[in-house]
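# Understanding the architecture of this molecule
This is what each chain is made of:
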Amino acid sequence: MSQLVNGHPAGGPTTGSRSGEVLRVNGLTVTYRSRGRPVPAVRRFELSVRPGEIVGLVGESGSGKSTALKAILGLNLGSETEVKADEILLDGLDLRTLSAEQARRIRGGQMSMIFQDPINSFNPSWTIGSQFRRVLALHRPDLSRSEYDDEIIRLLADVGIDGRGKLKSYPFQFSQGQLQRIMIAVACASKDLKVLLADEATTSLDVTIEAQVLELLRRLRRERNLAMVLVTHDLSVVAEMCDRVVVMYAGEVVEVANVYDLFERPQHPYTQQLLKAIPQFPHTGGRLYTMRGAVPRLDQPIAGCTFAPRCDRRLGSICDTVPPELRPTANDGGAVAACHLVGGAEPARKD
Amino acid sequence: MADLWRRLTRRKLSLFSLIGALFFILLALIGPFFAPYGMADLGDDALAPPSAEHWMGTDSVGRDVFSRFLHGSRVSILVGFVAVGVAMVVGTLLGMIAGMAAGRFRDSVIMRFMDVILSFPLLVLVPVITGIIGQRELSLGPIPIGPEALVAAAIGIVLVPVFARVARASTMAEMREDYILAVRSIGGRGRDILFRNLLPNIAAPQVVQAAFGLAMAVTVESAVSFLGLGVQPPGASWGTMLADARQYLLLGAWWLVVFPSVAIALFVLVFNLLGDQLRDELDPRAKTSDVASDQRDGGDQRPESAAGPVAASVEASTR
């Protein structure tokens, strides 16, 4: 089966290695069903991550960041949720063609996820050691049962936790910061891990612990050449950690750019307004900028640009009627933005 | 676990129910060894009232009621435990499978089937099941299946939905927890989720349900046997003993009725109490009352204030 997948023209390993991407997602659409109505939580999502690269995924709450991440990992999002994609390539392997069993092996094997709330991400009824051993049993066939505990101690030491004598402790006996480190250790237990997805992994931590965890992630990237996708709504984390940034709004990618370009020359009005909303320090005494309105409801189709009602640079009727496509921007490195302002007068020619 | 034991033994009511439960379990396990006569030994002295020789008197054909009671208790209690055991294993498993696939086809099939069972009154369905399989000689390979096993199985089937529904509800709640998502994200198998992650976290309500189920199973067994559709003579159970006693009650043979009746009532009381106490201790939502009960227990040591005794009794009665 895996040979067949590798031989697939679109999913061949060459596709992945040629572009140097370890993860590539195209045309990902996730549709929930709410009271019989389809709610497209994620639309035409695209993402590409190179080995050793940290990509930030930012956007307001409800913009579909976490949903996109879970869909990429192939997590079941519920019986009524439909996930469609043109391609989800992990190191050249198209994850959509895998059987359930193969997809399960990928999770935690080549691609792992860490979550926002470490205390709830561990089963309260089992000790840390016992939960960790299960993960090793799943992803470390190279180890024998008797070697598990030594390996756990080693992996925990890697994330700065002295695990000796603590394997018999229950999750509630650790602090949030410790648990987040343990969760990272668990997620990185597999030897052929390529991509680490972090779903607001530092949101629930205080700033000093957050800095430590971010430093840990940076070190992991350096030492193991891990690619990471960091979902966050903290732009300072993005500025500090990421190489590239994907900005999402209402389930769609609105801008992709290098982190410097994004902060220096944001192209999409949403990105511009988002950056404007960051409180400046030292504070000038003026009123803070607030974006008016809220993320639109997605259970009804939106005719034009989803951001038009909140946009400070609205062009006119075109924004309400024609949905903008992702087009290359003035920024280099494959930067794109979905706005009629981007790409000059082209939108006028379109209809 | 030790903690649970400590908390259970601290309260008088739960201590009573624990001792009662232990008593009934011992009665079933070793009771018959203490029987002074054979279960079906006929004596000369029919319908004799309780005496030193026959502690619970004799029945219409002179059999020692005490000996029959000891044997019958084993049957009744064992049928209860086997039925609840069957129902708990099958029901929990079905409920968890349904709860994991909540809203999907598998869930609907399982739960509609449970609804079908539930739509019949307990006391109708059990005789129907035993009646269909019938009063024939059955055997599972070399092991003969007596009417007792048949009744246990029938009651077990009838109790399955009780456990399945509770298991499904708690499974659905647990499935929304982050750690299930985490297990999935790390590549956990379906059975990892089912047995390692869900089972320990939904076990508490199942245990509570088991205590109530035991009381229910024993009642149903007695009723069915009383109707002559359960345990068959010369076998004894609390239900058949009552059935035998029925026609002699008017002749003044009260001892035939009193002992099995008291046993049934006490059994139901003890296990319902135990279920209540377990629920109080195991239900996570009841955890908050821990603080209050700790304070109260501490309060017993304190010298009582002016309103002390009254306040204490009011507090006790509101429990």
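Values in this document were obtained by computation on a predicted structure and should not be read as measured data. (Residues numbered from 1 in each chain as written. Chains lettered and ligands numbered in written order. Predicted model: local features only at pLDDT ≥ 70, side-chain atom pairs only at ≥ 80, totals over all residues.)

## Details of the overall build of chain A
Just so we agree on the cut-off: Secondary structure elements are defined from DSSP: runs of H or I of at least 4 residues count as helices, runs of E of at least 2 residues count as strands, and each element is numbered from the N terminus. Atoms counted for the radius of gyration: C-alpha only. Globule rule: 2.2 Å times residue count to the power 0.38. We call a residue exposed when 12 or fewer other C-beta atoms sit within 10 Å of its C-beta, buried when the count reaches 20 or more, and partly exposed for counts in between; the C-beta positions come from the backbone. Any residue pair is listed as a contact if its two C-beta atoms, each placed from the backbone, are within 7 Å.
Across its full length, chain A holds 13 helices and 13 strands. For chain A, the C-alpha radius of gyration of 21 Å lies close to 20 Å, the compact-globule estimate for 351 residues. Residues classed as buried in chain A amount to 44% of the 351 residues present. Within chain A, residue pairs in contact and separated by at least 24 positions form 66% of the contacts whose partners lie at least 6 positions apart.

## Brief notes about the nonpolar core
Most often, soluble globular proteins keep nonpolar side chains buried together rather than apart. For the record, the criterion: Note on definitions: a nonpolar core is a set of buried residues drawn from Ala, Val, Leu, Ile, Met, Phe, Trp, Tyr and Cys, linked by C-beta atoms within 7 Å.
Val229 and Leu230 of chain A together with Ile155, Leu159 and Ala217 of chain B are the most contacted members of the largest nonpolar core, which totals 171 residues. Broken down by element, the residue count for this core peaks at 16 residues, all from helix 3 (residues 65–100) of chain B. Leaving out residues up to four positions away in the same chain, leucine 230 of chain A has contacts with Ile54, Gly56, Leu57, Ala198, Val237, Met241 and Cys242 of chain A.

## Overview of the interface of chain A and chain B
Every contact between the two is made by 24 residues of chain A and, on the other side, 18 residues of chain B. Top element by residues in the side of chain A that touches chain B is helix 5 (residues 128–139) of chain A. It accounts for four residues.

## Section: helix 7 (residues 176–187) of chain A
Residues and elements named next belong to chain A. Condition: The span you would expect from a helix comes to 1.5 Å times its residue count less one.
Between its terminal C-alpha atoms helix 7 stretches 16 Å, which fits the 16 Å expected from twelve residues at 1.5 Å a residue. Of all the twelve residues making up helix 7, eleven are buried; the element is thus mostly covered by neighbouring parts of the structure. All of the buried residues along helix 7 are Gly177, Gln178, Leu179, Gln180, Arg181, Ile182, Met183, Ile184, Ala185, Val186 and Ala187. Residues of helix 7 that are buried in the fold lie against strand 7 (111–114), helix 5, helix 6 (148–158), strand 8 (195–199) and helix 8 (207–224).

## Details of unusual backbone geometry
With a phi close to 55°, aspartate 91 of chain A is a non-glycine residue in the positive phi region. Checked against the element boundaries, aspartate 91 of chain A lands in the loop between strand 5 (87–90) and strand 6 (93–94).

## Section: the confidence of the model for chain A
Residues and elements named next belong to chain A. Put simply, the rule is: Values of pLDDT, which run from 0 to 100, indicate the predictor's confidence residue by residue.
Here chain A averages 83 in pLDDT, while 91% of its residues score no lower than 70. With pLDDT under 50 throughout, residues 1–18 is counted as low confidence; its partners more than four residues away or in other chains account for 30 contacts. In this model, residues 345–351 is a region of pLDDT below 50 whose contacts with residues beyond four sequence positions or in other chains number five contacts.

## Focus on the packing of helix 3 of chain B against helix 10 (residues 254–282) of chain B
Residue and element names in this part refer to chain B. Note the following rule: Orientation is described by axes fitted as lines to C-alpha atoms, over the contacting stretch for helices, and by angles from 0 to 180 degrees between their N-to-C directions. Here the word oblique covers every angle except those under 35 degrees (roughly parallel), over 145 (roughly antiparallel) and from 65 to 115 (roughly perpendicular). Each crossing is labelled by how the near helix is turned from the far one, with a counterclockwise turn of less than a right angle marking it left-handed and a clockwise turn marking it right-handed. Under this grouping Gly is polar, as are all residues other than the nonpolar Ala, Val, Leu, Ile, Met, Phe, Trp, Tyr, Cys and Pro and the charged Asp, Glu, Lys and Arg.
Where helix 3 contacts helix 10, the axes come no closer than 11 Å and their chain directions differ by 25°. It follows from the interaxial angle that helix 3 and helix 10 lie roughly parallel. Judged by the sense of rotation from one axis to the other, the crossing of helix 3 with helix 10 is right-handed. In this structure, helix 3 uses Val65, Phe69, Gly72 and Ser73 to contact helix 10, whose residues at the interface are Trp255, Leu256, Phe259, Pro260 and Ala263. Residue classes in the contact of helix 3 with helix 10 are distributed as seven nonpolar, two polar and no charged.

## With respect to the sheet that holds strand 9 (residues 227–232) of chain A
All names here are of chain A. To keep it simple, the criterion reads: A pair of strands is treated as paired once DSSP finds two or more bridges between them.
Within the open sheet, the eight strands sit side by side as 7-8-9-3-10-11-13-12. Their pairing is mixed. Here the strands that pair on one side only, and so sit at the sheet edges, are strand 7 and strand 12 (326–328). The average undirected angle you get between the axes of adjacent strands in this sheet is 20°. In this structure, strand 3 (residues 54–58) lies alongside strand 10 (residues 244–249), joined through four bridges in parallel fashion. Counterpart to leucine 57 in the pairing with strand 10 is valine 246.

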